[in-house]
Amino acid sequence: MANNYLGRDDAPIEASTWKLIDDMMVQAAKSQIAGRRILPIEGPYGFGLKAIPMGDYAVEDGIIGSTAIPMTMIRTEFSLAKRDLASFERDHLVLDTTPVACAAMDAAAKEDRIVFSGLAGISGLLNTDGAGSLTLAKWDKIGAAADQIIDAVTKLDAAGFHGPYSMALAPAQYNLLLRRYPQGDGTELDHIRSIVTDGVIKAPALKKGGVLLAAGIQYSSIAIGQDMVTAYNGPVGDLLEFQIYESLALLVRAPESILVLK
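Each value, and the rule that gives it
Residues numbered from 1 in each chain as written. Predicted model: local features only at pLDDT ≥ 70, side-chain atom pairs only at ≥ 80, totals over all residues. Heavy atoms only, no water. Helix = DSSP H or I, 4+ residues; strand = E, 2+ residues; numbered from the N terminus. Expected span 1.5 Å × (residues − 1). Buried < 20%, exposed > 50% of the residue type's maximum accessible area, 1.4 Å probe, protein only. Arc of directions from axis to C-beta. Contact = heavy atoms within 4.5 Å. Phe/Tyr/Trp six-rings, centres within 6.5 Å; stacked < 30°, edge-to-face > 60°. Lys NZ or Arg CZ within 6 Å of the ring centre and 35° of its normal.

Participant: I keep staring at helix H2 (residues 15–32) and nothing clicks. Help me out?
Facilitator: What sets the pattern is the α-helix's 3.6 residues per turn: residues three or four places apart point alike. Taking 1.5 Å of rise per residue, 18 residues should cover 26 Å, and H2 covers 26 Å from first to last C-alpha, within 8% of that figure. Within H2, burial applies to Thr-17, Trp-18, Ile-21, Asp-22, Met-24, Met-25, Ala-28 and Ala-29. For H2, the angular spread of buried residues about the axis comes to 160 degrees, placing them on one side. In this structure, H2 carries Ala-15, Lys-19, Gln-27 and Lys-30 as exposed residues pointing more than 90 degrees from its buried face. Buried residues in H2 make contact with strand E4 (72–81), helix H4 (82–91), helix H5 (98–116), strand E10 (229–236) and strand E11 (239–252).

What follows is the structure, encoded as structure tokens:
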């Protein structure tokens, strides 16, 4: 049904060209995306979904209200030259898909900004009401990071969330974990992955610190309406214009299962 609104059938390109574009979009997005690697995915539910219902509440005696979380639509654009497309389809010359990759990485960055930091009026993992926090000390010495992650896990454990856990870290913190322990061949990342068993990942959307989660769809997840897809917009001069769409919402059912690492 979404194809009716994405214009893909109207594009004057072959199926093999669509496959090349779609494959590059997925490859580029996966190279950047972080939130989906630590959170369960619900959906996709479709292009038209605008909100996820979250439950009812009593307004007053005999009157029931309901809450919903809006689905945020992401859109990025790119263009490809008509002559380059024709050359690829007729002569099988290499098609430069850099514009596709850049648009996909831009969409991935927007998705992670929504998941981690939220938008105006919509909370992300880092600013959800009721989430816990832990202030990180410097990780100058090998082993300091592992000690603090143990403290973080212990804090969630005390709150009733006994694991498994997943964690996203800013690049500056993640890269420090690549140092090897002097008394063996293992890295601090290896050590921490034995504690945080559902994933320890680098999240470029985070400028510092990170977030530790009790893993499970019962605690938090990402709801996908339209999964990332390329649409055809139309001809613009010597170019064909395309768009990448996706829609999503962060669903937090147990804020106390989130521990922000500051």
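Participant: I would appreciate a short explanation of the packing of aromatic side chains in the present structure.
Facilitator: For any pair of aromatic rings, the description rests on two quantities: the centre-to-centre distance and the angle between the ring planes. Taken as a whole and assessed by the stated rule, the structure comprises 6 aromatic pairs. Ring centres of Phe-161 and Tyr-219 lie 5.1 Å apart, and the angle between their planes is 85 degrees; this geometry places the pair in the edge-to-face category. In this pair, Phe-161 sits in the loop between helix H6 (144–158) and strand E6 (165–169) while Tyr-219 sits in the loop between strand E8 (210–214) and strand E9 (220–224), placing the two residues 58 residues apart along the sequence. The exposure classification of Phe-161 matches that of Tyr-219, with both residues buried. Of the aromatic side chains, those joined through ring pairs into one cluster are Trp-18, Phe-78, Tyr-232 and Phe-242. We note Arg-8 situated over the ring of Trp-18; from NZ or CZ to the ring centre the distance is 4.0 Å.

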